[in-house]
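One letter stands for each residue in the lines below.
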Amino acid sequence: MRKIQMVDLQSQYYKIKSEVDNAILNVVDSAAFINGPEVKSFQNELENYQGVNHVIPCANGTDALQIALMALDLKEGDEVITADFTFAATVEVIHLLKLKAVLVDVDYDTFTIDTEKLKAAITEKTKAIIPVHLFGQCANMEEILKIAKTHNLYVVEDNAQAIGADFTFSDGTSKKSGSMGIIGTTSFFPSKNLGCYGDGGAIFTNDDELAHKIRGIVNHGMYERYYHDEVGVNSRLDSIQATVLRKKLPLLDSYNDARRKAADFYDEAFANHPQILTPKRAANSTHVFHQYTLRILNGKRNELRDFLAEKEIPAMIYYPVALRKQKAYYQESNDADFANTDKLLNEVISLPMHTELDDEQLKCITDSVLEFMNR
Ligand SMILES: *Cc1c(COP(=O)(O)O)cnc(C)c1O
């Protein structure tokens, strides 16, 4: 059996090695390392895939979030609501811009922001909501967009973990994750569903004016060369990353299918086990399984992780600490309002999930989990 890895980027690379190698060498040969034609082509291809008017590539997913908030002209102290259970980047950028992060609980089954608690957290100072499409499926965007409309709030989707997922509204229309809010952001970190070979990110919007503004912000606030109209940043996707992404974008749907197939295998193996809850698939979103995350109900989640480690099966705890309890982002709170997050911190374990898992590996993983849970 091949060694089981949390993410197997090498096997994925070998399948497209000659194509990707050639593409990279062509960029090197052209010496168009920054803002070259590959970046422009990738931008157009991703606009098509996402069904959005504008994609602005940038240096990473954290920058994408920061730049999105910069573009919305929020003022110091304005409140931005996001989930307590997510990767820290989402809340980090809120703090960096001296906005006030308001963290709320997530739904126990979908791991995405609890829309009732979101409503309750809205104040006069609330200006924006950042739903995070955690682990590969969309937050309840229909409800979130409705709430945002009622309260006149911006919605910025953190789509770093769910690129390729589709959300279906009750009128039957379907949209790509990241294309529903005023702005959407994503990350091309190597282990993400669409990963490059270094850092990368992108910003999505349908709004022409915002797109123009964002193109300036990513480029030192310049709209005309050497005229700086606002304080911007330097955040670019380089041409080598763009050319890798151009080779991988056409494969994204098949990559997501491979992840779903692995998830099906896991689901079946753990179905009906009284102490294991498999990830619930939301009714209105497809799932692209950035992570496959179980909830372990017997209180022995850490022991399970150690047991798997002894068998050389990696597993991760995403995430072990609530953001509101982190030193950097501490938020006074009533723990009763965060019952789901606090339960999940102690129950979740993410199993190996990537495009290259074979049945032998999957069987080894599920057998080992069940061996521990049934002993
Ligand atoms: C990965 C990730 C980011 C940040 O992306 P980087 O490219 O690593 O900066 C932001 N939000 C979420 C939810 C992520 O998973």
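Residues numbered from 1 in each chain as written. Predicted model: local features only at pLDDT ≥ 70, side-chain atom pairs only at ≥ 80, totals over all residues. Heavy atoms only, no water.

**Things to note about the environment of L118**
Tracing the chain through its elements places L118 in helix α6 (residues 115-120). In this structure, the C-alpha to C-alpha distance between L118 and L103, residues 15 residues apart in sequence, is 8.8 Å. Once residues within four sequence positions are removed from consideration, L118 is found in contact with I81, V104, I113, I129, I144 and I147. (Helix = DSSP H or I, 4+ residues; strand = E, 2+ residues; numbered from the N terminus. Contact = heavy atoms within 4.5 Å.)

**A short note on the sheet that holds strand β13 (residues 292-296)**
The strand order across the open sheet built from 3 strands is β12-β13-β14, with neighbouring strands paired in antiparallel fashion. Among the strands making up the open sheet, the edge pair consists of β12 (276-277) and β14 (348-351). Where β12 lies against β13, 2 bridges are found, and the strand directions are antiparallel. Residue pairing across strands places I276 opposite I296, the latter belonging to β13. Packing of helix α10 (residues 252-270) onto the sheet brings it into contact with β12, β13 and β14, and relative to β13 it is tilted by some 15 degrees. (Pairing = 2+ DSSP bridges. Axes fitted to C-alpha atoms, helices over the stretch in contact; angles between N-to-C directions.)

**Observations regarding the pattern of salt bridges**
As enumerated under the stated definition, the model contains 25 salt bridges in all. Residues D166 and K176 are paired through a salt bridge, measuring 2.9 Å at the closest nitrogen-oxygen approach. Of the two residues, D166 is situated in strand β6 (residues 166-168) and K176 in strand β7 (residues 174-176); the sequence distance between them amounts to 10 residues. Its relative accessible area of 25% is what places D166 among the partly exposed residues. One salt-bridge network, in which partners are shared between bridges, spans D84, R324, K325, D335 and D342. (Salt bridge = Lys/Arg side-chain N within 4 Å of Asp/Glu carboxyl O. Buried < 20%, exposed > 50% of the residue type's maximum accessible area, 1.4 Å probe, protein only.)

**A short note on the UniProt feature "modified residue: N6-(pyridoxal phosphate)lysine" (unreviewed entry) in the chain**
As recorded in UniProt, the sites labelled "modified residue: N6-(pyridoxal phosphate)lysine" (unreviewed entry) are K192. Structurally, K192 is set in the loop between β8 (183-187) and β9 (201-205). In contact with K192, other than residues within four places in its own chain, are A160, S187, R259 and H290. (UniProt positions renumbered as here; feature names shortened; annotations may be inferred.)

**Overview of the layout of surface pockets**
Estimates place the volume of the largest pocket at around 480 Å³. As for the largest pocket, its lining consists of 28 residues, and the residues nearest its centre are F87, Q161, F189, K192 and H290. Of all the secondary-structure elements, those providing two or more residues to the lining of the largest pocket are α4 (61-71), α5 (89-96) and β8. Residues that form the lining of the largest pocket fall into these classes: 12 nonpolar, 12 polar and 4 charged. Residues lining the lining of the largest pocket come from more than one domain, with at least three contributed by each of domain 1 (9-250) and domain 2 (251-374). In this structure, the second largest pocket encloses a volume near 350 Å³. Looking at the lining of the second largest pocket, the elements that each hand over two or more residues are α3 (37-50) and β1 (54-58). Tallying contributions element by element places α3 first for the lining of the second largest pocket, with 3 residues. (1 Å grid on protein atoms, 1.4 Å probe; cavity = no way out; pocket = protein on both sides within 12 Å on 5 of 7 lines; lining within 4 Å. Points joined across faces, edges and corners; volume = space filled by probe spheres on them. Nonpolar A, V, L, I, M, F, W, Y, C, P; charged D, E, K, R; others polar. Domains from an automatic or database assignment.)

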